[in-house]
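Chain by chain, the residues:
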Amino acid sequence: MFRRFLVIFARRAFLILLLICLGCSAQPTPSASPDIVRVVEQHVRATYSVPSDVKVNVGPLRSSDFPNYDALTITFDNAGKKQDYEFLLAKDRKKLLRMTSIDLTKDPYAELMKKIDVTGRPTRGAKDAKVVAINYDDFECPFCARMHSTLMTEILPQYGDKIKIIYKDYPLSMHPWAKRAANNANCLAKESGQGYWEFADYVHANQRSISGNQKDVQNSFNELDHLTLDIGKKNGADTNRLQACIKAQPDAAMKASMAEGDTIGVNATPTVFVNGERLEGAVDIEEVRAALNQRLLEAGVQPPPPPPASAPPPATTSK
């Protein structure tokens, strides 16, 4: 619910273009009165349809670069999960503007990629590739299964020597065994990158059989645990260490990945960032190719030729 609200909020926000007053001396900024704080909160809730269980905290006023406006930060707090947004409040307290500041001196895609930690993550493709596709994935999500198939069976064979693919965890709360799968995959990743990808391939292709009877999630857990151990043994993992990891279910890596995803605006799976360009959902393969080709050209790398068009089915004649 909170994620859906944040998406609506972001989509309804407008870019405010105002002239900067150069050379103005800083003036003391008065505090907002309790009445103004109440009015601001009321209008923000109404304008952006803020759910009643989300707190709206209006921060203190401060000076801004815009004449006749003070700056303030409004924080949405959903059970400790916070998002800050910048606003401008007219000095006559009659107008509130949503503030979006864009630094045109920085590459927005490069800045976003800096926020994604891929240390120690298994990779597929070219190790030194200039174009990286980072997929925030949920092992139980059917749309993720479609994207996984697209990336691994069509994109990777075509682009494999020019790009690198990395997966990050973003299991959704609606999927009862997705977090277990993410933790087990991370246990495997510590032992074998090849084992991690074998696990990812199998789980995405067999979601329905793993889910089985949705009312008995423990059966899904057991199947995932057995699968993890079997794949680990097959790929040279230390069995005792892997078993201990599966039993302990360490989730620090998964939680860090989810928090990172929240920071950069991930709110659905799959979400893929191609050198920073966002592709959300199980998008058409041509959209994936277009993003890859554009980023490759920008990096000075010639994209691979398009795959040959499939031949039309033979015509049939009726007698």
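In case you missed it, the structure is sitting above this.
Caption draft 1: Looking closely at the packing of aromatic side chains. Here the structure, examined in full by the defined rule, presents 5 aromatic pairs. On the basis of an interplanar angle of 90° and a centroid distance of 6.0 Å, the ring pair of tyrosine 136 and phenylalanine 273 is categorised as edge-to-face. With tyrosine 136 in strand β7 (residues 131-137) and phenylalanine 273 in strand β9 (residues 271-274), this pair connects stretches of sequence that are 137 residues apart. Residue phenylalanine 273 is classed as buried on the basis of its relative accessible area of 0%. Among the aromatic residues, those joined into a cluster by ring pairs are Tyr167, Tyr196 and Trp197. Directly above the ring of phenylalanine 221 sits arginine 180, whose terminal nitrogen or CZ lies 4.9 Å from the centroid.

Caption draft 2: The state of the cysteines, seen in detail. Inspection of every chain in the model, using the stated rule, returns 1 disulfide. Between cysteine 141, a cysteine without a disulfide, and cysteine 144, which holds the nearest cysteine sulfur, the sulfur-to-sulfur distance is 3.2 Å. When its relative accessible area of 0% is taken as the criterion, cysteine 144 is described as buried.

Caption draft 3: Summary view of the sheet that holds strand β6 (residues 123-125). Taken in spatial order, the 5 strands make up an open sheet running β6-β8-β7-β9-β10, and their pairing is mixed. Every interior strand has two partners, whereas the edge strands, β6 and β10 (277-280), have only one. Strand-to-strand, the axes of this sheet are offset by a mean angle of 20°, without reference to chain direction. Note: β9 against β10, 4 bridges, orientation antiparallel. Bridging from a neighbouring strand, phenylalanine 273 pairs with arginine 278 of β10.

Caption draft 4: Geometry of the environment of threonine 100. Mapped onto the secondary structure, threonine 100 falls in the loop between β5 (96-98) and α3 (108-114). Residue threonine 100 is classed as partly exposed on the basis of its relative accessible area of 29%. As for threonine 100 and tyrosine 85, which are separated by 15 residues in sequence, their C-alpha atoms are 8.6 Å apart.

Caption draft 5: Layout of the pairing of strand β4 (residues 81-90). As judged from the 10 bridges shared by strand β3 (residues 69-78) and β4, these two strands associate in the antiparallel manner. From the neighbouring strand, asparagine 78 faces β4, where its bridge partner is lysine 81. Where β3 hands over to β4, the hairpin turn is made up of 2 residues, of which alanine 79 adopts a positive phi near 55°. One ladder, built from 3 bridges, connects β4 with β5; its direction is antiparallel. In the strand pairing of β5, phenylalanine 87 is matched with arginine 98. Between the end of β4 and the start of β5, which pair antiparallel, lie 5 residues, with arginine 93 showing a positive phi angle near 60°.

Caption draft 6: Quick peek at unusual backbone geometry. Residue proline 270 is bonded to the preceding threonine 269 through a cis peptide linkage, with omega at -5°. Its location among the elements puts proline 270 in the loop between α10 (252-263) and β9. One non-glycine residue, serine 49, lies in positive phi territory at about 50°. Looking at the element boundaries, serine 49 is found in the loop between α2 (34-48) and β1 (55-58). Even without glycine at this site, arginine 93 takes up a positive phi of about 60°. With respect to the element layout, arginine 93 can be found in the loop between β4 and β5.

What counts, and where the lines are drawn
Per chain, residue numbering runs from 1 following the sequence as it is written. Whole-chain, interface and lining totals are the exception, using all residues; otherwise, since this is a predicted model, local features are given only for residues with pLDDT of at least 70 and side-chain atom pairs are given and counted only at 80 or more. Water and hydrogen atoms play no part in the side-chain values, which are based on all heavy atoms of the structure. What counts as a ring pair is set by centres within 6.5 Å for rings of Phe, Tyr and Trp (its six-membered ring), and what kind of pair is set by the plane angle: stacked under 30 degrees, edge-to-face over 60, tilted for all other angles. The helix and strand labels rest on DSSP assignments: H or I over at least four residues marks a helix, E over at least two residues marks a strand, and numbering proceeds from the N terminus. Burial here depends on accessible area, computed with a 1.4 Å probe over protein chains only, as a share of the maximum for the residue type. Under 20% is buried, over 50% is exposed, and the range in between is partly exposed. The criterion for a charge sitting over a ring is simple: Lys NZ or Arg CZ within 6 Å of the ring centre, and within 35 degrees of the ring normal. Throughout, disulfides are identified as pairs of cysteine sulfur atoms within 2.5 Å of each other. Strands qualify as paired when DSSP identifies two bridges or more between them. For every element, the axis is a line fit to its C-alpha atoms; helices are fit only across the contacting stretch, and the angle between N-to-C directions ranges from 0 to 180 degrees.

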